[in-house]
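The residues making up each chain are set out below.
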Amino acid sequence: MSNYARSAVVFFLLCSLSFFFSRCTNSADDIRDYSRLEREPMLEAEAIDLHITENGRLVVRVQAPAMNSFDRAAKQYDEFPDGITVQSYASDGLPSSSIRADYAIYQRREKLWEARTRVVAVNEKGDSIQTEQIFWDESKGRVYTKANVRIRTSTAVLFGKGLESDDRFVDWEIKEPTGIIAVPGTTEQFSKPHLTTQ
């Protein structure tokens, strides 16, 4: 190959490469659009009504107006920005317990639920808890909060700050009790484990 031909090939390659690399630049708008996509959910759903069954029997029903699912390398979570209602069912098919909140988020890797704002949970005995924030550690089967709580049982209304419980909200403890109001017409004594402070 002559020097002229070699120079022509090199010139052609340099022109091609410079054209190629000039087309590989991203504008500020392109970068902004891409970074905005990183914050967007991978999945959006509306009017969620999920029925979870075991051996053909309904065990849990989850309802939510909206769900956003985020699946990033650093964090994987499902968000329920407009609230959530979860109803569990006993083996006889009757409702046994429930929880409702104006906002919820589920951290998939940690298996950790957080419910916030006007949270109301009711256990199988009909006892109810009201708080502004509560966590459920799914892998440990524990429910807890550091927020103020109001618990209504058949015999009393209890107030306090902080709560720990099993995930069925049957064996619970208020960490810092602040008051008890007896329900008129009941004679049952209050159980001391519910009023323990630590």
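Refer to the structure presented above.
What counts and what doesn't
Residues numbered from 1 in each chain as written. Predicted model: local features only at pLDDT ≥ 70, side-chain atom pairs only at ≥ 80, totals over all residues. Heavy atoms only, no water. 1 Å grid on protein atoms, 1.4 Å probe; cavity = no way out; pocket = protein on both sides within 12 Å on 5 of 7 lines; lining within 4 Å. Points joined across faces, edges and corners; volume = space filled by probe spheres on them. Helix = DSSP H or I, 4+ residues; strand = E, 2+ residues; numbered from the N terminus. Nonpolar A, V, L, I, M, F, W, Y, C, P; charged D, E, K, R; others polar. Patch = residues over 30% accessible without salt bridge, like charges linked within 9 Å, V, L, I, M, F, W, Y side chains within 5 Å. Areas by Shrake-Rupley, 256 points an atom, 1.4 Å probe, with all protein chains shown as cover. Salt bridge = Lys/Arg side-chain N within 4 Å of Asp/Glu carboxyl O. Lys, Arg positive; Asp, Glu negative; His and termini not counted. Charge placed at Lys NZ, Arg CZ, Asp CG, Glu CD. Buried < 20%, exposed > 50% of the residue type's maximum accessible area, 1.4 Å probe, protein only. Core = buried A, V, L, I, M, F, W, Y, C linked by side-chain atoms within 4.5 Å. Contact = heavy atoms within 4.5 Å. Polar contact = N/O pair within 3.5 Å; in protein donor to acceptor, adjacent residues only side chain to side chain.

Things to note about the layout of surface pockets
- Each pocket or cavity is described by its volume, and for the largest pocket that value is around 980 Å³.
- What lines the largest pocket is a set of 40 residues, among which V60, V86, I99, W136 and D167 lie closest to the centre.
- A total of six residues in the lining of the largest pocket trace back to one element, the largest contributor, which is strand β5 (residues 95-101).
- Considered class by class, the residues forming the lining of the largest pocket number 26 nonpolar, six polar and eight charged.

Quick word on a negative patch on the surface
- Residues E40, E44, E46 and D82 make up a contiguous surface patch of negative charge.
- Along the chain, E40 turns up in the loop between α2 (28-39) and β1 (43-54).

Quick word on the pattern of salt bridges
- What the rule picks out here adds up to ten salt bridges.
- With a closest N to O distance of 2.8 Å, D102 and R118 form a salt bridge. Pair noted here: D102 is in the loop between β5 and β6 (103-107) and R118 is in strand β7 (residues 112-122), with a separation of 16 residues, a long-range link.
- The class of D102 is partly exposed, set by a relative accessible area of 22%.
- Residues joined by salt bridges that share partners form a network here, namely D71, D78 and R108.

Considering the nonpolar core
- In terms of nonpolar packing, the biggest core is built from 15 residues, with I129, I134, I151, L163, F169, W172 and I174 touching the most fellow members.
- Mapped onto this core, the elements with two or more residues apiece are β7, β8 (128-137), β9 (142-152), β10 (156-166) and β11 (172-182).
- Grouped together as the second largest cluster of nonpolar side chains are seven residues, A64, M67, F80 and A104 included.

Describing the environment of D71
- Residue position: D71 is located in strand β2 (residues 57-71).
- A sequence separation of 30 residues divides D71 from P41, and the C-alpha atoms of the two residues are 7.5 Å apart.
- Aside from chain neighbours lying at most four places away, what touches D71 is M42, Q76 and R108.
- Within the structure, the side chain of D71 is placed 3.1 Å from the side chain of Q76, a separation counted as a polar contact.

Concerning the environment of P41
- Along the chain, P41 falls in the loop between α2 and β1.
- Residues P41 and N68, spaced 27 residues apart in sequence, show a C-alpha to C-alpha distance of 5.7 Å.
- Those residues within four positions of P41 in sequence are excluded, and the remaining contacts are N68, S69, F70 and R72.

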